[in-house]
Amino acid sequence: MALLPRLRAAGMAVWPFDDARPGATTVVEIWPRLCYRGRVTKSSAAGRAAFLAAHHPALDAAVRADAARSDDAFDALVSALALW
């Protein structure tokens with residue numbers, strides 16, 4: 001969030017907050033929690049691993065394990081899968 005003013009000053013739009021039409025230089029704000037298709041105790045590595053196993057069983061086990069190691073990695077993977 002602290003970087004957003006500098007990105008705006010450099011000419012980037014911040015979606016969904018700016019009225020500018022999204023383009024090649026658009027920062028997209030997402031809320032990972034909205035990407036979870038069920039309840040998960042995100043502070044628990046076991047909870048993250050269980051969620052990934054239940055909702056994304058086709059993913060490589062090593063990818064699931066890496067994502068389950070931290071809140072940020074979990075958010076990044078689940079968000080990327082939802083956007084994909």
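Below is a short write-up of the structure. What you see is a predicted model; the values in this text were computed from it and never measured. For every chain, the first residue of its written sequence is number 1, and the numbers climb from 1 along that sequence. pLDDT decides what is reported in this predicted model: residues at 70 or higher carry local features, side-chain atom pairs at 80 or more are listed and counted, and totals for whole chains, interfaces and linings draw on all residues regardless. The basis for every side-chain value is the complete set of heavy atoms in the structure, and neither hydrogens nor water enter the calculation.

## Description of the overall build of the chain
Next, step 1: The secondary structure content of the chain amounts to four helices and two strands.
Next, step 2: The linear arrangement of helices and strands in the chain, starting from the amino end, is α-β-β-α-α-α.
Next, step 3: What the globule rule says is 2.2 Å times the number of residues to the power 0.38, and the radius of gyration is computed from C-alpha atoms. Taken over the C-alpha trace, the chain has a radius of gyration of 16 Å; the compact-globule value for 84 residues is 12 Å, which it surpasses by more than 25%.
Next, step 4: Each principal axis of the C-alpha distribution contributes one length, and for the chain these read about 40 × 25 × 20 Å.
Next, step 5: Each residue's exposure class comes from its accessible area (1.4 Å probe, protein chains only) as a fraction of the maximum for that residue type: buried when under 20%, exposed when over 50%, partly exposed otherwise. Buried positions account for 25% of the 84 residues belonging to the chain.
Next, step 6: In what follows, a contact means two residues having at least one pair of non-hydrogen atoms within 4.5 Å. Within the chain, contacts between residues separated by at least 24 positions form 26% of all contacts whose residues are at least 6 apart in sequence.
Next, step 7: If you sum the accessible surface of the chain, you get close to 5900 Å²; carbon and sulfur atoms cover 59% of it.
Next, step 8: Mean positive and mean negative side-chain charge positions of the chain (10 and 8 charges, respectively) differ by 4 Å. The helix and strand labels rest on DSSP assignments: H or I over at least four residues marks a helix, E over at least two residues marks a strand, and numbering proceeds from the N terminus. Note that accessible areas follow from Shrake-Rupley with a 1.4 Å probe, and for residues the cover is restricted to the protein chains shown. Here the positive residues are Lys and Arg and the negative ones are Asp and Glu; neither His nor the chain ends is included. In plain terms, the charge of a residue is placed at NZ if it is Lys, CZ if Arg, CG if Asp and CD if Glu.

## Focus: the environment of alanine 58
Next, step 1: Relative to the helices and strands, alanine 58 resides in the loop between α2 (45-55) and α3 (61-68).
Next, step 2: Since its relative accessible area comes to 82%, alanine 58 is described here as exposed.
Next, step 3: Sequence-wise, alanine 58 and alanine 68 are ten residues apart; in three dimensions their C-alpha atoms are separated by 15 Å.

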